[in-house]
Amino acid sequence: MIMSWDWLHPDVVLGSVLYALLGVALLWVSFAVIDKITPYKLWEEIVEHKNVALGIVVAGMFIAIGQIVAAAIHG
């Protein structure tokens, strides 16, 4: 099967970059909102106190939010 170069048009590449930036921005905004509504600081607990369990929970949250954003963008 021969691949065409149709996906390399500037509008397609620009759209992909914009959706990627939008997805990352939404991911960080949702992390900030969840960080504000929890009774402790998530970033401080993960980085300074080395709370591995909380890091795994936040990683799962990032994966879930990423899937939601991808599904919303895709279709």
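These figures come from a predicted structure and were not determined experimentally.

**Q** Outline the packing of aromatic side chains, listing residues and values.
**A** On inspection of all chains with the given rule, the structure shows three aromatic pairs. Ring geometry for tryptophan 28 and phenylalanine 31: centres 5.7 Å apart, planes at 85 degrees, overall edge-to-face. One end of the pair, tryptophan 28, and the other, phenylalanine 31, are both in helix H1 (residues 10-37), three residues apart, so they sit about a helical turn from each other. Here tryptophan 28 and phenylalanine 62 contribute two aromatic rings whose centre-to-centre distance is 5.6 Å and whose plane-to-plane angle is 75 degrees, an arrangement assigned as edge-to-face. With a gap of 34 residues between them, tryptophan 28 in helix H1 and phenylalanine 62 in helix H3 (residues 52-74) connect regions that are remote in the sequence. Look at tryptophan 28 and you get partly exposed, because its relative accessible area is 44%. Phenylalanine 62 gets classed as partly exposed once you look at its relative accessible area, which sits at 23%. Among the aromatic residues, those joined into a ring-pair cluster are Trp28, Phe31 and Phe62.

Conventions we followed
- Residue positions are given per chain, counted from 1 along the sequence in the order it is written.
- Note on the predicted model: pLDDT of at least 70 is required for a residue's local features to be given, and 80 or more for side-chain atom pairs to be given and counted; whole-chain, interface and lining totals, by contrast, use all residues.
- For side-chain calculations, the full set of non-hydrogen atoms in the structure is used, while hydrogens and water are omitted.
- Aromatic contacts are taken between Phe, Tyr and Trp rings whose centres are within 6.5 Å, Trp giving its six-membered ring; a plane angle under 30 degrees counts as stacked, one over 60 as edge-to-face, and the others as tilted.
- We count a stretch as a helix when DSSP gives it H or I for four or more residues in a row; a strand needs E for two or more, and each element gets its number in order from the N terminus.
- Between buried and exposed lies partly exposed: a residue is buried under 20% and exposed over 50% of the maximum accessible area for its type, with that area taken using a 1.4 Å probe on protein chains only.

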